[in-house]
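One letter stands for each residue in the lines below.
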Amino acid sequence: MKRYWRLFRPHYAETRRLALPVIIAQVGQITVGMVDNMMIGHLGKTELAAAAFANTLFSLPLIFGMGFAMAITPLVGKAFGKKQYEHLHFLKYGAYTTNSLMGIILALTCLALYYAMPFMHQPESIIQQSQTFFNIISLSIIPLMLFLSGKQLAEGLSNTRLAMVVTLIANVMNILGNYILIFGKMGAPELGLYGAGWSTLIARVAMAVIMTAFIRNYKPLKTAAVKLSLYRILQTVKSIVKLGVPMGLHLFSEASAFIVAGIMIGWLSDTGLAAHQIVISLSTFGFMLYQGIGAGTTIRISQFSARQVPALIKQASQASFQIVIAMVVVISSAFLLLRNWLPQLFTNDAEVIALASKMIVVLVIFQLFDAIQIIYSSILRGMADATIPGILTIISYFGIAIPFSYWAAFKAGFGEIGIWLGFPIGLGVCALLFHFRLQRLNKKAVQIST
């Protein structure tokens, strides 16, 4: 037992050191999202449903952009592990160039989604408010991509605290902005639902400005006497795109399964849509905690991969797996015990509370599979393996989870709960497929090292 502890203790400590700032930032961000929903929920059920629909659609380009930007971290981690400091210099310019272009593409995607909203068979009572709210938050996609450029650059260099500080500053701004603009405090107009949108936009612009100012003078990314080369910047852009597109599709596939589920629930009732939004907020809380461990895992695996040390890769992977399983036990137990009370934080509507408490039971079931596939995908991401995991994710969610959800809800008669039943199946299949992929890569790595 002592030998086991000595073997894994350094990995626990280092993963915790890298992951804790990410988790703090993620929890802060989710807390802001929950506060948003609580404030909007007290405006009324229609406003909460309108925000849920708009946020659901906005998540489509947002999640892809987040996944796309994640490609920067393993590239930076690999260069840092090999001490290729000049290459880090060009990765900085490549990251900002690539993410700026992607931000423009995603903004155009938001415009297309705006015009498509009336044709998505949602309740007529929410369409107009949803479109206006969606328009406001869509303006934040470009500054958010700029923020992610700096965040992923810093994390690749094992600095996860920078993004935490910037995110927490923006979170405070967002909460204050919500209070002032939603309810018309301190002489500001009472904007209701739209005030939450403007507050989000202002906070995200601040995130981009603060992060860019830090990165501009960040010493590890500044190399003396390096002449800028358009060719080398374009090469880094190419490498980011090559890795970023499948990573974006990977994260997008998982998130869009929940998004499509939200759209299908909207076909059934606005009560179901409101309950779905509440439980998704709780689910995201757990997801972001596991994602924090995953971020630390990706950083460590990318640097060990650069050094080509399979034994350390395996030990770091196992340590992350053990940490996240312990977290699942604690978080899922809390959700299960508090399932009848948690929905009351968001709404006073009895029907929404009753339905949300049932959805939480399904949430508890799929938390384990979700955590496992997050760690596996983080390990694969650290190995710069993206294309195959992206394909496996699409198969798991769009080939299995979504069809099963549709069948359970509309054919088997389970209604809104039936849609949620597809999640444990999709996540479980995805985790299993990632396990097989990781085993294959580890076997190849051992063969190469010997």
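Only a predicted model underlies this, so the values are computations on that prediction, with no experimental measurement involved.

Asker: Would you mind going over the overall build of the protein chain with me for this structure?
Answerer: A count of helical and extended segments in the protein chain gives 15 helices and 0 strands. Here the C-alpha radius of gyration of the protein chain, 22 Å, is about what a compact globule of 450 residues would show, namely 22 Å. Along the three orthogonal principal directions, the C-alpha set of the protein chain runs to about 60 × 50 × 40 Å. Considering only residue pairs separated by 6 or more positions, the protein chain has 84% of its internal contacts joining residues 24 or more positions apart. Roughly 19,100 Å² of accessible area belongs to the protein chain as shown, and the carbon and sulfur atoms make up 67% of that amount. For the protein chain, the centre of its 33 positive side-chain charges and the centre of its 14 negative side-chain charges are spaced 22 Å apart.

Asker: Is there a simple way to explain the confidence of the model for the protein chain in this structure?
Answerer: In regions of low pLDDT, the predicted coordinates are not meant to be interpreted in detail. Here the protein chain averages 83 in pLDDT, while 92% of its residues score no lower than 70. Averaged over each element, pLDDT in the protein chain is lowest for helix α1 (residues 2–41) (70) and highest for helix α6 (residues 141–156) (92).

Asker: Explanation requested: the packing of helix α3 (residues 72–81) against helix α4 (residues 85–116) in the structure shown.
Answerer: The packing of two helices is summarised by the inter-axis angle and the distance between the axes. For the pair α3 and α4, interaxial distance at closest approach is 9 Å and the crossing angle is 170°. When the axis of α3 is compared with that of α4, the two are roughly antiparallel. Taken together, the residues of α4 that come into contact with α3 (itself represented by I72, L75, V76, A79 and F80) are Y85, H87, L88, L91, A95 and N99. When its residues are assigned to classes, the contact of α3 with α4 shows 9 nonpolar, 2 polar and no charged.

Asker: What is the right way to look at the side chain of D370 in this model?
Answerer: Structurally, D370 can be placed in helix α12 (residues 350–382). No salt bridge is formed by the buried D370. Its closest oppositely charged neighbour is R381, at 10 Å. A distance of 3.1 Å separates polar atoms of two side chains, one belonging to D370 and the other to Q373. Residues in contact with D370, not counting those within four places in the same chain, are E254, F287 and L427.

Asker: Would you explain helix α13 (residues 387–411) in this entry?
Answerer: Turn by turn, an α-helix covers 3.6 residues, leaving residues three or four places apart pointing in a common direction. Here α13 is 25 residues long and its end C-alpha atoms lie 34 Å apart, about the 36 Å a rise of 1.5 Å per residue gives. The sharpest bend along α13 comes to roughly 30°, located at A401, with the proline P403 sitting one to four residues further on. The set of residues buried in α13 consists of P389, G390, L392, T393, S396, Y397, A401, I402, S405, A408 and A409. Immediately downstream of α13, the backbone of G413 shows phi near 85°, a positive value.

Asker: Would you take a moment to explain the environment of P123 for this structure?
Answerer: Within the secondary structure, P123 sits in the loop between α4 and α5 (124–138). What P123 contacts, discounting residues up to four positions off in sequence, is G266 and D270.

Asker: Just to check I follow, could you spell out α12 for this structure?
Answerer: A rise of 1.5 Å per residue sets the reference length of α12, with its 33 residues, at 48 Å; its end C-alpha atoms lie 45 Å apart and thus fit the reference within 8%. Bending of α12 peaks at approximately 40° at the position of F366. Counting buried positions along α12 yields 25 of 33 residues, so the element is predominantly enclosed. Capping the start of α12, D349 holds a side-chain oxygen 3.0 Å from the backbone nitrogen of E351, two or three residues further along. The positive-phi residue at the C-terminal boundary of α12 is A384, with phi of around 60°.

Asker: Even after reading the chapter, I still don't get the packing of aromatic side chains, so can you show me in this structure?
Answerer: Aromatic rings in a pair are described by how distant their centres are and how their planes are angled relative to each other. A full pass over the atoms with the stated rule returns 10 aromatic pairs. Geometrically, the ring pair formed by Y114 and Y115 is edge-to-face, given 5.1 Å between the ring centres and 75° between the ring planes. Taken together, the ring pairs connect W267, Y406 and F410 into an aromatic cluster.

Asker: It is not clear to me how the environment of W407 should be interpreted in this structure. Could you clarify?
Answerer: With respect to the element layout, W407 can be found in helix α13. Along the primary structure W407 and I419 are separated by 12 residues, whereas in three dimensions their C-alpha atoms are 8.2 Å apart.

Asker: Would you mind showing me how to read the packing of α4 against α5 here?
Answerer: For the pair α4 and α5, interaxial distance at closest approach is 10 Å and the crossing angle is 180°. Compared by their axis directions, α4 and α5 come out roughly antiparallel. From α4, C110, L113 and Y114 reach across to α5, where they touch Q131, F134, N135 and S138. In terms of residue class, the contact of α4 with α5 is built from 4 nonpolar, 3 polar and no charged.

Asker: So what exactly am I meant to see when it comes to the pattern of salt bridges here?
Answerer: Where charged atoms from two side chains of opposite charge come close, those side chains can pair. For the coordinates displayed, the defined rule picks out 2 salt bridges. When the shortest N-O distance is used, the salt bridge between K151 and E155 registers 2.9 Å. A residue pair is termed a helical-turn pair when its members lie 3 or 4 positions apart in one helix, as K151 and E155 do in helix α6 at 4 residues. On the basis of relative accessibility, which here comes to 16%, the residue K151 falls in the buried class. For E155, a relative accessible area of 3% translates into the label buried. A salt bridge links D385 to R437; the nearest nitrogen and oxygen atoms lie 2.8 Å apart.

Quick notes on the rules
- Residues numbered from 1 in each chain as written.
- Predicted model: local features only at pLDDT ≥ 70, side-chain atom pairs only at ≥ 80, totals over all residues.
- Heavy atoms only, no water.
- Helix = DSSP H or I, 4+ residues; strand = E, 2+ residues; numbered from the N terminus.
- Rg over C-alpha atoms; globule rule 2.2 N^0.38 Å.
- Contact = heavy atoms within 4.5 Å.
- Areas by Shrake-Rupley, 256 points an atom, 1.4 Å probe, with all protein chains shown as cover.
- Lys, Arg positive; Asp, Glu negative; His and termini not counted.
- Charge placed at Lys NZ, Arg CZ, Asp CG, Glu CD.
- pLDDT = per-residue confidence, 0-100.
- Axes fitted to C-alpha atoms, helices over the stretch in contact; angles between N-to-C directions.
- Parallel < 35°, antiparallel > 145°, perpendicular 65-115°, else oblique.
- Nonpolar A, V, L, I, M, F, W, Y, C, P; charged D, E, K, R; others polar.
- Buried < 20%, exposed > 50% of the residue type's maximum accessible area, 1.4 Å probe, protein only.
- Salt bridge = Lys/Arg side-chain N within 4 Å of Asp/Glu carboxyl O.
- Polar contact = N/O pair within 3.5 Å; in protein donor to acceptor, adjacent residues only side chain to side chain.
- Expected span 1.5 Å × (residues − 1).
- Bend = angle between axes of the 7 residues up to and from the residue.
- Phe/Tyr/Trp six-rings, centres within 6.5 Å; stacked < 30°, edge-to-face > 60°.

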